[in-house]
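# Structural features, examined
So the chains spell out like this:
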Amino acid sequence: MDFTVVKIMLSAVVVGKIGVHLFRGLGMAQLHPKSGSIGSTVIGGLIFGVGFGILGYCPGTMVGAVGQGSLDALFGGIVGMLIGAGIFSEMYPKLERNILNKGYFGELTWPQLLKKNHWAVIIPVAIGIAALLFVIDRFAS
Amino acid sequence: MEWLIMERWSPYVVGFGIGLLSWVTFLLSDKAIGCSTAFSRTSGMIERLFRGARTEAKPYYKKFAPSVDWEWMLVVGVFIGAFLSAELSGQFQGQWVPTKWAETFGNTPFTRWIVALIGGTIMGIGARWAGGCTSGHGISGTLQLAVSSWLAVICFFIGGVATAMLMYNVLS
């Protein structure tokens, strides 16, 4: 298995998380967490995963792949994603009434949920991610 | 300047760079990095060419107007950056079938095109359903410690790994 994307994502999250929360503490930045629900986040996430697994690109890396000449990304992935987004916009009014708001929990963050200071979450998560990356590098590649 | 013409950077360097980029976007633009909303807006812009004002009246496009915005330009930037990087390292090459795909499923462009089209369509529906993709939820949301984004990423990988295993182990 190729762990490149996992390594990129996890290291971006550690670096981003520390800086963004530091700037927020200094009053220089604001957070914009997305709201979520079981009906939207879990079901949508699983559907996304199936498409991601079939295609082999995520939306961002797909745009990058087009930039380096991948024609399957341009004529397959990008066109498909535009069609998918269009289909979703058609389905949206019905989904919004029946599914998307099921199990709504709003713009919740882990520090709010656990009632902890954000650094009490950031530091252990950063250590956990570093340990995971170490394990991946050591044993899985 | 040799790093500019390298074929590949360490994934940790890339991740560090994306992390720094998120500092800059929060500080200067008050925005988080994302990608999939740009596809919705583009889809809406194309639909508008055919259906005009009826497109703009759709509830979804009232929320996400079909027009060029900050994130749309970020996606254009990703394309330009990838192109420059590929050109500088001499890697730019028109290719229909990715190498890993060809090893398992053969080198037929038509098969790969159909599968990519289907995968892309499902991914497009899922990204909008979940309210974000591997960028908006996977990087920006998780770094803000949003519960929705951590949950989304877990579901992305459950769906993705299960599907990829099925395709590469069972179907091939």
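First, a word on scope: everything that follows refers to the structure included in this document.

A few words on the overall build of chain A. Each helix and strand in chain A was counted, giving 6 helices and 2 strands. Secondary structure elements in chain A, listed N-terminal to C-terminal, are α-β-α-α-α-β-α-α. Over its C-alpha trace chain A gives a radius of gyration of 18 Å, far above what one expects of a compact globule, namely 14 Å for 141 residues. Along the first, second and third principal axes, the C-alpha set of chain A runs to 45 × 45 × 30 Å. Counting only residues that meet the buried cut, chain A has 51% of its 141 residues in that class. Long-range contacts, defined here as pairs at least 24 residues apart, represent 64% of the contacts in chain A between residues at least 6 apart.

Broken down by element type, chain B carries 9 helices and 0 strands. When its helices and strands are written in sequence order, chain B yields α-α-α-α-α-α-α-α-α. By principal-axis analysis of the C-alpha atoms, chain B measures approximately 45 × 40 × 35 Å. In chain B, buried positions account for 44% of the 172 residues. When contacts within chain B are restricted to residue pairs at least 6 apart in sequence, those whose partners lie at least 24 apart make up 52%. Accessible surface for chain B amounts to roughly 8,700 Å². Of this, 69% is attributable to carbon and sulfur atoms. Where the 12 positive side-chain charges of chain B centre and where its 9 negative ones centre are 14 Å apart.

All names here are of chain A. Along the chain, Ser37 turns up in strand β1 (residues 36–37). Reaching out from Ser37, the side chain makes a polar contact with the backbone nitrogen of Ser40 at a distance of 3.0 Å. When neighbours within four sequence positions are excluded, Ser37 is seen to be in contact with Val42, Leu100, Asn101, Lys102, Gly103, Tyr104 and Phe105.

Moving on: the interface of chain A and chain B. The interface of chain A with chain B comprises 91 residues on the first partner and 87 residues on the second. Counting each side, the surface lost to burial between chain A and chain B is near 7,600 Å², with a carbon and sulfur contribution of 76%. At the surface where chain A touches chain B, the tally comes to 3 salt bridges. As a salt-bridge pair, Lys58 of chain B and Glu90 of chain A come within 2.8 Å of each other at their nearest N and O atoms. At the junction of chain A and chain B, the tally comes to 26 residue pairs in polar contact (both at pLDDT 80 or more).

Thresholds, definitions, all that
- Residues numbered from 1 in each chain as written.
- Chains lettered and ligands numbered in written order.
- Predicted model: local features only at pLDDT ≥ 70, side-chain atom pairs only at ≥ 80, totals over all residues.
- Heavy atoms only, no water.
- Helix = DSSP H or I, 4+ residues; strand = E, 2+ residues; numbered from the N terminus.
- Rg over C-alpha atoms; globule rule 2.2 N^0.38 Å.
- Buried < 20%, exposed > 50% of the residue type's maximum accessible area, 1.4 Å probe, protein only.
- Contact = heavy atoms within 4.5 Å.
- Areas by Shrake-Rupley, 256 points an atom, 1.4 Å probe, with all protein chains shown as cover.
- Lys, Arg positive; Asp, Glu negative; His and termini not counted.
- Charge placed at Lys NZ, Arg CZ, Asp CG, Glu CD.
- Polar contact = N/O pair within 3.5 Å; in protein donor to acceptor, adjacent residues only side chain to side chain.
- Buried area = accessible area lost by both parts, 1.4 Å probe.
- Salt bridge = Lys/Arg side-chain N within 4 Å of Asp/Glu carboxyl O.

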